[in-house]
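# Reading the structure
Here is what each chain is made of, one letter per residue.
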Amino acid sequence: MRELDRIVKEIADEMRRRTDRGEVATYIPELACADQQAFGLAVVDTDGHIAAAGDSDTPFSIQSISKVFTLTLALGKVGDRLWQRVGREPSGSPFNSIVQLEFERGKPRNPFINAGAIAVTDTILSGHQPREVLGELLRFIQFLADDTSITIDEAVAASEQRTGFRNIALANYMKAFGVIENPADFTLGVYFHHCAIAMSCRQLAMAARFLAHSGRNPDTGLSVVSPERARRINAIMLMCGHYDGSGEFAYRVGLPGKSGVGGGILAIAPAKASIAVWSPGLDASGNSRLGRIALEMLTQRLGWSIFGV
Ligand code: GLU
């Protein structure tokens, strides 16, 4: 057994036994159905070897992790012009904060807080129908993961559409500043649906390999984004990927990462591996509690932190 397989299995076994699992998100009612006991971990290394353990093949709601893929598409579409609409500084605020938007005259701090992600979604929507954009995004993710079975969980999307009052407020507020170009309900419809994409840890780790390999798919050698763009997406993940818990994540794990309120975390060990972990219980910042602890163990045991051992 490879060392990586052994470590991944040990961590999953340890996580199964823990009782301090955090709280499952309930503000999107459908997410409350998640099994708090679930835990999955998958790591795809440079050889394409997948070390996986626990519930690594169970699809879960990727929620804000989808923002890594929408950001990639938006940068492909408009390049650096994106930064006229969205900043790239850490926010130090909760994921759904409204107060900062008023101070900053409708320009969201970064593409990963909800306001910023809604503005990014609006960018990829412009000139298209919502259905076309969602189809394009889904095909992009399926292509990256080499798996056409990935779908959108319509029940989760409908649940957020019924209850996403804060996001509706954020979109309308940005609309008032001219930051949102399309009808706000179209942009929100696409946003709620891309947050509702369901993927397993294995699929997610596969889909993000290009970020660990300077923008290339390591299997085919084909370029997904330029090396500079991959580096910059990783930088934004490191600084902004865990909302007001981003500093703590960098301190403990030391990898670029993006969390979602479905309990998933995607993490990138540059030139080493793409990693996905899932445990639905969240900490106070809305990040997977055991997911973060598992990643801390993994990076420590393998010496994978980008800041050294
Ligand atoms: N769809 C969720 C929301 O907008 C995403 C939040 C998250 O995963 O952090 O509230």
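### Digging into the site of the ligand
The immediate surroundings of the ligand are formed by Tyr27, Gln63, Ser64, Phe95, Asn114, Glu160, Asn167, Tyr191, Cys195, Tyr243, Gly260 and Val261. In the environment of the ligand, an oxygen atom lies 2.4 Å from a nitrogen or oxygen atom belonging to the side chain of Tyr243. The fraction of the free accessible surface of the ligand (290 Å²) that becomes covered by protein chains is 100%. Within the shell around the ligand, the residues separate by chemical class into six nonpolar, five polar and one charged. Residue contributions to the shell around the ligand reach at least three from each of two domains, namely domain 1 (3-57 + 200-218 + 232-302) and domain 2 (64-195).

### Focus: the pairing of strand 3 (residues 50-54)
The pairing of strand 2 (residues 40-45) with strand 3 spans five bridges and is classified as antiparallel. Bridge pairing links Leu41 to Ala53 in strand 3. Here strand 2 hands over to strand 3 after four residues, with Gly48 in that stretch at a positive phi of 85°.

### Describing the sheet that holds strand 6 (residues 197-199)
The strand order 4-6-5 describes an open sheet built from three strands, whose pairing is antiparallel. The open sheet has two edge strands, strand 4 (60-61) and strand 5 (151-152), and neither has a second partner. Taken together, the two bridges between strand 4 and strand 6 define a ladder with antiparallel strand orientation. Counterpart to Ser61 in the pairing with strand 6 is Ala198.

### Brief notes about helix 1 (residues 3-17)
The end-to-end C-alpha separation of helix 1 is 22 Å, in line with the 21 Å expected for 15 residues at 1.5 Å each. Within helix 1, the full set of buried residues consists of Leu4, Asp5, Ile7, Val8, Ile11, Ala12 and Met15. Taken end-on, helix 1 shows its buried residues confined to a sector of 165°, consistent with a single buried face. Buried residues along helix 1 sit in contact with strand 2, strand 3 and helix 13 (289-302).

### Digging into the packing of aromatic side chains
Applying the stated criterion to the full structure yields five aromatic pairs. Ring geometry for Phe60 and Trp278: centres 5.0 Å apart, planes at 5°, overall stacked. Taken as a pair, Phe60 in strand 4 and Trp278 in strand 9 (residues 273-278) lie far apart in primary sequence, 218 residues in all. Given the relative accessible area of 5%, Phe60 is considered buried. Sitting over the face of the ring of Trp83, Arg88 holds its NZ or CZ atom 5.3 Å from the ring centroid.

Basis of the calculations
Residues numbered from 1 in each chain as written. Predicted model: local features only at pLDDT ≥ 70, side-chain atom pairs only at ≥ 80, totals over all residues. Heavy atoms only, no water. Near = heavy atom within 4 Å. Polar contact = N/O pair within 3.5 Å; in protein donor to acceptor, adjacent residues only side chain to side chain. Areas by Shrake-Rupley, 256 points an atom, 1.4 Å probe, with all protein chains shown as cover. Nonpolar A, V, L, I, M, F, W, Y, C, P; charged D, E, K, R; others polar. Domains from an automatic or database assignment. Pairing = 2+ DSSP bridges. Helix = DSSP H or I, 4+ residues; strand = E, 2+ residues; numbered from the N terminus. Expected span 1.5 Å × (residues − 1). Buried < 20%, exposed > 50% of the residue type's maximum accessible area, 1.4 Å probe, protein only. Arc of directions from axis to C-beta. Contact = heavy atoms within 4.5 Å. Phe/Tyr/Trp six-rings, centres within 6.5 Å; stacked < 30°, edge-to-face > 60°. Lys NZ or Arg CZ within 6 Å of the ring centre and 35° of its normal.

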